[in-house]
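Each chain, letter by letter, is given below.
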Amino acid sequence: MSVLFMSEDWIKLVANQWNTNNQIIQQDLRNFTASWEYYIEDRPNLPHLMMVCEKGKIVFAGKKDERICDFEMWTSLENWKKILNKEISPKMALMSRKLKFKGSMMTALKYMKAFEIHLNILGEIEADFDI
């Protein structure tokens, strides 16, 4: 069963997948605490989503609230589909600016393996892109 892409249900499933099925990312980020904001640039009426990671575990996933995020990731719906369906690798999406990114690039590069796993986890959730 699929859920609407970039919905609150979808981001909660992403967080659950991260916390229960991915020990590699939790280990890589065991000393890392940060928050991410996600959105679709060509769907301005959809709410932005966020996840908060504390020492490798997601402790919040839902609609963006008043907290300032350490990182933002956004692109068009079409590019999100390509990234999540692995037509474009996470690293290539970032380097080619198909995936826009705001935050410390130095940190992103330091944790590139975890970043790639992170985007792969987003793609593991069966999503309905008809939004």
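Scroll up to find the structure.
Remember, predicted model here, so these are calculated numbers, not experimental data.

Q: Break down the overall build of the chain for me, with residues and values.
A: Each helix and strand counted, the chain has 6 helices and 7 strands in total. For the chain, the succession of helices and strands along the chain, N to C, is β-α-α-β-β-β-β-α-α-β-α-α-β. Computed over its C-alpha atoms, the radius of gyration of the chain comes to 13 Å, within 12% of the 14 Å expected for a compact globule of 131 residues. Out of the 131 residues belonging to the chain, those deemed buried represent 49%. Considering only intrachain contacts with a sequence separation of at least 6, the fraction spanning at least 24 residues in the chain is 67%. Put simply, the chain shows about 7100 Å² of open surface, and 50% of that area lies on carbon and sulfur atoms. Taking the 18 positively charged and 18 negatively charged side chains of the chain as two groups, their mean positions are separated by 6 Å.

Q: Kindly report on the packing of helix H1 (residues 8-21) against helix H6 (residues 112-124), identifying the contributing residues and their values.
A: The interhelical angle for the contact between H1 and H6, taken along N-to-C directions, is 125°, at an axis separation of 9 Å. As far as their axial angle goes, H6 and H1 are oblique. Once H1 is placed against H6, the crossing between them reads as right-handed. Residue-level contacts link Trp-10, Val-14, Gln-17 and Trp-18 of H1 to His-118, Ile-121, Leu-122 and Glu-124 of H6. A per-class count over the contact of H1 with H6 returns 5 nonpolar, 2 polar and 1 charged.

What counts, and at which threshold
Residues numbered from 1 in each chain as written. Predicted model: local features only at pLDDT ≥ 70, side-chain atom pairs only at ≥ 80, totals over all residues. Heavy atoms only, no water. Helix = DSSP H or I, 4+ residues; strand = E, 2+ residues; numbered from the N terminus. Rg over C-alpha atoms; globule rule 2.2 N^0.38 Å. Buried < 20%, exposed > 50% of the residue type's maximum accessible area, 1.4 Å probe, protein only. Contact = heavy atoms within 4.5 Å. Areas by Shrake-Rupley, 256 points an atom, 1.4 Å probe, with all protein chains shown as cover. Lys, Arg positive; Asp, Glu negative; His and termini not counted. Charge placed at Lys NZ, Arg CZ, Asp CG, Glu CD. Axes fitted to C-alpha atoms, helices over the stretch in contact; angles between N-to-C directions. Parallel < 35°, antiparallel > 145°, perpendicular 65-115°, else oblique. Left-handed = near helix turned anticlockwise from the far one by under 90°. Nonpolar A, V, L, I, M, F, W, Y, C, P; charged D, E, K, R; others polar.

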